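What follows is each chain in one-letter form.
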Amino acid sequence: MRKFSLALLCLLLLLSITACSSSSEEDSGSNGEIGSNKVTLRVAWWGGQPRHDSTIKVIEMYEKKNPNVKIVAEYANWDDYWKKLAPMAAASQLPDVIQMDTAYLFQYGIKDQLEDLTPYIKDGTIETSSIDENAISGGMIADKLYGFTLGSNVLTVIANDDMLEETGIKMDDENWTWNDFEKIALDVQNRTGKYGTNGMNPAHVFFPYYLRTEGKRFYSEDGTGLGYSDDKLFTQYFERQLRLVDANAFPTPDVEAHIKGLEDEFIVTGESAMTWNWSNQFSGFAQSAQSPLSLNLPPEQAEETALFLRPSMFFSIPKSSKQKEEAAKFIDFFVNNVEANKLIKGERGVPVSSKVVKGIKPELAEVETKIFDYVEKASQNVSASDPPGPLGSAEVMKVLQDISEQILFKKMTPENGARSFREQAENILGINK
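Residues numbered from 1 in each chain as written. Predicted model: local features only at pLDDT ≥ 70, side-chain atom pairs only at ≥ 80, totals over all residues. Heavy atoms only, no water.

Further remarks concern the side chain of Ser152. By the element assignment, Ser152 lies in strand E8 (residues 152–153). If we ignore the near neighbours within four places in the chain, the residues touching Ser152 are Ala135, Leu309, Arg310, Ser312, Gly349, Val350, Val352 and Val375. (Helix = DSSP H or I, 4+ residues; strand = E, 2+ residues; numbered from the N terminus. Contact = heavy atoms within 4.5 Å.)

Another point: empty space enclosed by the protein. In total, this model carries 2 cavities of 30 Å³ or more according to the counting rule given. A volume near 60 Å³ is recorded for the largest cavity. Contributing to the lining of the largest cavity are Leu150, Phe334, Val335, Asn341, Ile344, Gly346, Glu347, Arg348, Gly349, Pro351 and Val352. Broken down by secondary-structure element, the contributors of at least two residues to the lining of the largest cavity are helix H14 (324–336) and helix H15 (338–344). Here the lining of the largest cavity is composed, by residue class, of 6 nonpolar, 3 polar and 2 charged. (1 Å grid on protein atoms, 1.4 Å probe; cavity = no way out; pocket = protein on both sides within 12 Å on 5 of 7 lines; lining within 4 Å. Points joined across faces, edges and corners; volume = space filled by probe spheres on them. Nonpolar A, V, L, I, M, F, W, Y, C, P; charged D, E, K, R; others polar.)

So, about the packing of aromatic side chains. One pair of aromatic rings is described through two measures. These are the centre distance and the angle between the planes. Taken as a whole and assessed by the stated rule, the structure comprises 34 aromatic pairs. Ring centres 6.1 Å apart and planes at 90° place the aromatic pair Trp178 and Phe181 in the edge-to-face group. With Trp178 and Phe181 both in helix H8 (residues 178–192) and 3 residues apart, this pair spans about one turn of that helix. Consider the rings of Tyr210 and Tyr237, whose centres lie 5.5 Å apart with planes at 50°: the pair is tilted. Here the residue Tyr210 occupies a position in helix H9 (residues 202–213), and Tyr237 occupies one in helix H10 (residues 232–246), the gap between them amounting to 27 residues. Look at Tyr237 and you get buried, because its relative accessible area is 5%. The ring centre of Trp278 lies 4.5 Å from the NZ or CZ of Arg310, which sits over that ring. (Phe/Tyr/Trp six-rings, centres within 6.5 Å; stacked < 30°, edge-to-face > 60°. Buried < 20%, exposed > 50% of the residue type's maximum accessible area, 1.4 Å probe, protein only. Lys NZ or Arg CZ within 6 Å of the ring centre and 35° of its normal.)

Attention now moves to the confidence of the model for the protein chain. Across the protein chain, pLDDT averages 88, with 91% of residues at or above 70. For the stretch residues 1–35, pLDDT sits under 50, and the model shows 20 contacts to residues farther than four places along the chain or on other chains. (pLDDT = per-residue confidence, 0-100.)

On to the environment of Ser291. Among the structural elements, Ser291 can be located in the loop between helix H13 (282–288) and strand E11 (293–296). A relative accessible area of 23% places Ser291 in the partly exposed class. Spatially, the C-alpha atom of Ser291 lies 6.6 Å from that of Asp162, the residues being 129 residues apart in sequence. Once residues within four sequence positions are removed from consideration, Ser291 is found in contact with Asn160 and Asp162.

To continue, consider the sheet that holds E11. Read from one edge of the open sheet, 3 strands run E10-E9-E11, paired in antiparallel fashion. Both edges of this open sheet fall to strand E10 (274–278) and E11, since each of them pairs with a single strand only. Within the sheet, the average angular offset between the axes of one strand and its neighbour, ignoring direction, is 30°. Pairing between strand E9 (residues 155–160) and E11: 4 bridges, direction antiparallel. (Pairing = 2+ DSSP bridges. Axes fitted to C-alpha atoms, helices over the stretch in contact; angles between N-to-C directions.)

Next up on the list: the pattern of salt bridges. Across all of its chains, the model carries 19 salt bridges by this definition. A salt bridge links Lys398 to Asp402, with the nearest nitrogen and oxygen atoms 3.1 Å apart. With Lys398 and Asp402 both in helix H18 (residues 393–408), this residue pair falls 4 residues apart, about one helical turn. In this structure Lys398 comes out as exposed when scored by relative accessible area, which is 54%. On the accessibility criterion, Asp402 (33% relative accessible area) is partly exposed. (Salt bridge = Lys/Arg side-chain N within 4 Å of Asp/Glu carboxyl O.)

What follows is the structure, given as structure tokens:
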């Protein structure tokens, strides 16, 4: 009897385990599906804790509105994020929605690891009626949209208003020229003994922006060479910088090397009247500076429509995703839902949707409002942004940085620098054709 009871108990236990296993298999289907109607989306991003917190709140809002979707959040800091993403890509196990940066978009897109998002715009899955085409174009590579812009930044000249006013200098930011910019920088130094402007590191955006004011581009359209043929443009750009360095109106690279953080920036410490930067960085400067700061349009932006909406970052969908349509729906929610963006508050750049901007603006702080107003003002006269840098662009920029330092330390003339840069850049880009 005891043997029969023991056998019966074992049988019941086995049936119970089998039943649990079956139930689990029913709930978790293949390809990320849960049951017959539910799907699981993996969403990945990098950032700091405030971004993590607000994004998770948006995810919870999306899940509440879409009970058939379960979202698994995967986030890390910048360095760890890209270290994790690379092996996932190699194993075709990328998350369904990936936060993507301009520096990596070409790399992942050209390897055919990202989905073209154009069909999802055409069929209305991602609504773009309130989004400027120029804001979208930043994620285009060879007529394919590999990343959807989450926010926009615009190049700006941030100015110390008190310093300019005290020295009697007036800035007409809608009409000023490069010569006006140079004169203001020199006047500030002559009247205050301080820098007129920060160092304009050419490898960031400043030389490419200068080329845009001349109707040229840094890279050729196919990315296999430089986009300008006249080396006088290079020479003129650096001759102006040398004049400012000689007058002590412009810091040399070794002086700028001492800047380790926001608190050391010359515009924050009151050692400079102007600084070139991106609009989204205004908040940190304005909150740390000892004097009121303003956002101003850069010189000669109007005639050649030189300004552009720079994508702060993108959301991309990998080719390997089995939930592409659901991933596209989440992107649409993230960029177009007003309530969701009230949680984000432009942390990823000014929202690309004009409807969203209008909806969240009343809830912004004063500094945030200034950024939104500036981007709105600048966006009235912008052209398409340059495409993501081609293969080899990181090497090209390093060459530009090195030659820039040699010129500013007078170890090389601007003319020789122009020739050396062209030779090295064309060689690097030619190898990657």
